[in-house]
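Residue-level structure breakdown
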Amino acid sequence: MSRLYLAQIEALSARVSSLEAVLKKEAAQSDASSQMMTMPCLGPITAMAIEAFAPALTVFQKSRDFAAWLGLVPRQYSSGRKQALGRTSKMGQRDIRRLLITGAMSVNRWASRKGAAPGSWLHAMLLRKPRMVVAIALANKMARILCAMETRKEVYRDPQLATV
């Protein structure tokens, strides 16, 4: 019985690796996906999902609008001059939001183990906030950067290199 299960696992692993190779090839051929994949922790699956399921990112007037479309921004309970932000809305495109949060969690895990650059935004957030909150904030930041990259037709520029 265990040999049967091992054979099934081997066949499924081979099929997954072949599909992954096709996906990487397709993502590399697309200009938008290859531009998006210059951002760290954003792979071919997330880039192809954004290209397939999201409207053209140039449609959004602000990068915050794209992040709100994904459901990554806090709800606003504002009246008069006082602005109050609540919990993350979680309304919007669930699949892309999950992929961005997964990528942000991998960055958090790496930064927790290896240590984020001292003085960076991520380092400061990890010191004072829970990891999941930091992941949501980082996913929000990633969505905004993606929208800005697409509207300006630029590749990702590392902020660490800009300060050096």
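In what follows, the accompanying structure is described. Since the structure is predicted, the reported quantities are computational estimates derived from the model, not experimental observations. Sequence order as written defines the numbering, with residues in each chain counted from 1. Only residues with pLDDT of 70 or above have their local features reported here, since the model is predicted, and side-chain atom pairs are shown and tallied only from 80 upward, although totals for entire chains, interfaces and linings are computed over all residues. As a rule here, side-chain values cover all heavy atoms of the structure and leave hydrogens and water aside.

**Examining the environment of F53**
A run of H or I in DSSP counts as a helix once it spans at least four residues, and a run of E counts as a strand once it spans at least two, with each numbered from the N terminus. Examined against the element boundaries, F53 turns out to sit in helix α3 (residues 44–53). Note: C-alpha distance between F53 and I96 (43 residues apart in sequence) is 8.1 Å. Residue contacts are counted whenever heavy atoms from the two residues lie within 4.5 Å of one another. In this view, F53 contacts W69, Q93 and I96; residues no more than four positions away in its chain are not counted.

**Remarks on the side chain of S30**
Mapping S30 onto the fold places it in the loop between α1 (2–29) and α2 (31–36). The class for S30 is buried, based on a relative accessible area of 15%. Identification of polar contacts relies on pairs of N or O atoms within 3.5 Å, with a donor-acceptor requirement for protein atoms, meaning one able to donate a hydrogen and the other able to accept it, and with residues adjacent in sequence counted only if both atoms are side-chain atoms. In terms of polar contacts, S30 uses its side chain to reach the side chain of E51, at 2.8 Å. For the exposure calls, accessible area comes from a 1.4 Å probe over protein chains only, and a residue counts as buried if that area is under 20% of its type's maximum, exposed if over 50%, partly exposed in between.

**Observations concerning helix α5 (residues 94–114)**
Expected span of a helix: the number of residues minus one, times 1.5 Å. Counted at 1.5 Å a residue, the expected span for α5 with its 21 residues is 30 Å, and the 30 Å between its end C-alpha atoms agrees. Of all the positions in α5, only I96, R97, L100, I101, G103, A104, N108 and A111 are classed as buried. Within α5, the buried residues cover an arc of 160° as seen down the axis, which keeps them to one side. For α5, the exposed residues lying more than 90 degrees away from the buried face are R94, R98, T102, W110, R113 and K114. Summarising the contacts, the buried residues of α5 are in contact with α3, α4 (63–70), α6 (121–128) and α7 (131–152). Sitting at the head of α5, Q93 places a side-chain oxygen 3.0 Å from the backbone nitrogen of D95. Regarding the arc, it is the one traced by the directions from the helix axis to the C-beta atoms.

**Regarding a positive patch on the surface**
A cluster of basic residues, R109, R113, K114 and R131, forms a positive patch at the surface. Of the residues forming the positive patch, the biggest block, three residues, is contributed by α5. Among the residues examined, R113 registers a relative accessible area of 70% and is labelled exposed. Each patch is built from residues lacking any salt bridge and having more than 30% relative accessible area; the joining distance is 9 Å for like charges and 5 Å for nonpolar side chains (Val, Leu, Ile, Met, Phe, Trp, Tyr). Only the protein chains shown count as covering a residue, and every accessible area follows the Shrake-Rupley method with a 1.4 Å probe. Salt bridge, as used here: a side-chain nitrogen of Lys or Arg that lies within 4 Å of a carboxyl oxygen of Asp or Glu. His is not counted, nor are the chain ends, whereas Lys and Arg count as positive and Asp and Glu as negative. In this description, the location of a charge corresponds to atom NZ of lysine, CZ of arginine, CG of aspartate or CD of glutamate.

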